[in-house]
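# Per-entry structural report
These are the residues of each chain, in order.
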Amino acid sequence: MFFSRLADRLEQLGHRCLRINLSFADWLFWQRPGAHHYRGSLNKWSAFLDGFYDTHAVTDIVLLGEQREHHKIAIELAKLRGIHVTVTDWGYLRPDWLTFERDGMSGSTHFTRDPAEILRLGATAPEPDFSLKYPESFPWLGFCNVCGDIGNWLFALLYPGHRSHLLVNPVTGYISTGWRMFHAKRR
């Protein structure tokens, strides 16, 4: 998937890429070397990261999202050590693009909030390349999401410290969502 391809490209440029898997889904979507598994609790995560950052001489971290508890701690510790932080997220400006921001998004963004400055930046920016780079369809991405969520639930014992961001059991959630979608047209 995207992050494996990003790591491949970074390694072609001479960088070393490591990953810490916090769940079954993390493992499922990172089938390449450099993976480490964290199976401990959230309250031991800081100590683990301190050792990991030192042992591997980490200079940069890239995270998908910044609001999960593990990510908040990773960012805080990285900033204390002078490690560069890049946060990514899906569809910030366009639904089929990724956004990368230094130090974080939302409240941590460096992007100006001044409308005049935004217009000035837009006027000087090059035309974006709208050609399709990663042809993944919504059904494929949905399938991957379902596999990850169900896998996290089925294989929870492999990562006992993982806490899902889902509010309900994924099986119940997907069945009820599917039921609503199936019957939506009749309503």
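Quick caveat: nothing in here was measured; it's all calculated off a predicted structure.

### Details of empty space enclosed by the protein
Tallied over the entire structure, the rule returns one cavity of 30 Å³ or more. A volume near 40 Å³ is recorded for the largest cavity. Contributing to the lining of the largest cavity are Leu22, Tyr38, Arg39, Gly40, His70, Gly161 and His162. Looking at the lining of the largest cavity residue by residue, the class counts come to two nonpolar, four polar and one charged.

### Some remarks on the sheet that holds strand E5 (residues 98–102)
Taking strand neighbours across the sheet as the criterion, the three strands line up as E3-E4-E5 in an open arrangement whose pairing is mixed. Strands at the two margins of the open sheet, each flanked by one partner only, are strand E3 (60–64) and E5. Here the average twist between neighbouring strands, direction ignored, is 20°. Pairing between E3 and strand E4 (residues 84–90): five bridges, direction parallel. Looking across to E4, one finds that aspartate 60 is bridged to histidine 84.

### Here's the deal with the pairing of E4
Assessed by its sense of winding, the connection that carries the chain from E3 through helix H4 (residues 69–81) to E4 is right-handed. Both E4 and E5 contribute to a ladder of five bridges, which runs antiparallel. Bridge pairing links threonine 86 to arginine 102 in E5.

### Some remarks on the confidence of the model for the chain
Detailed reading of predicted coordinates is not advised where the pLDDT is low. A residue-level look at the chain finds 94% of positions with pLDDT of 70 or above and a mean pLDDT of 86. Mean pLDDT across the elements of the chain ranges from a minimum in helix H7 (residues 170–184), with 79, to a maximum in helix H3 (residues 45–55), with 96.

### A short note on the pattern of salt bridges
Under the defined criterion, the tally for this structure stands at eight salt bridges. Here lysine 72 makes a salt bridge to glutamate 69, at a shortest N to O gap of 3.3 Å. Remark: glutamate 69 and lysine 72 occur in helix H4; sequence separation between them is three residues, near one turn of the helix. With a relative accessible area of 36%, lysine 72 lands in the partly exposed category. Close ionic contact of aspartate 103 with arginine 102 constitutes a salt bridge, the shortest N to O distance being 3.8 Å. The class for arginine 102 is exposed, based on a relative accessible area of 54%. Here the salt bridges share partners, and the residues they tie into one network are Asp8, Glu11 and Arg32.

Cut-offs and rules
Residues numbered from 1 in each chain as written. Predicted model: local features only at pLDDT ≥ 70, side-chain atom pairs only at ≥ 80, totals over all residues. Heavy atoms only, no water. 1 Å grid on protein atoms, 1.4 Å probe; cavity = no way out; pocket = protein on both sides within 12 Å on 5 of 7 lines; lining within 4 Å. Points joined across faces, edges and corners; volume = space filled by probe spheres on them. Nonpolar A, V, L, I, M, F, W, Y, C, P; charged D, E, K, R; others polar. Pairing = 2+ DSSP bridges. Helix = DSSP H or I, 4+ residues; strand = E, 2+ residues; numbered from the N terminus. Axes fitted to C-alpha atoms, helices over the stretch in contact; angles between N-to-C directions. Right-handed = clockwise from strand over helix to strand, strands pointing away. pLDDT = per-residue confidence, 0-100. Salt bridge = Lys/Arg side-chain N within 4 Å of Asp/Glu carboxyl O. Buried < 20%, exposed > 50% of the residue type's maximum accessible area, 1.4 Å probe, protein only.

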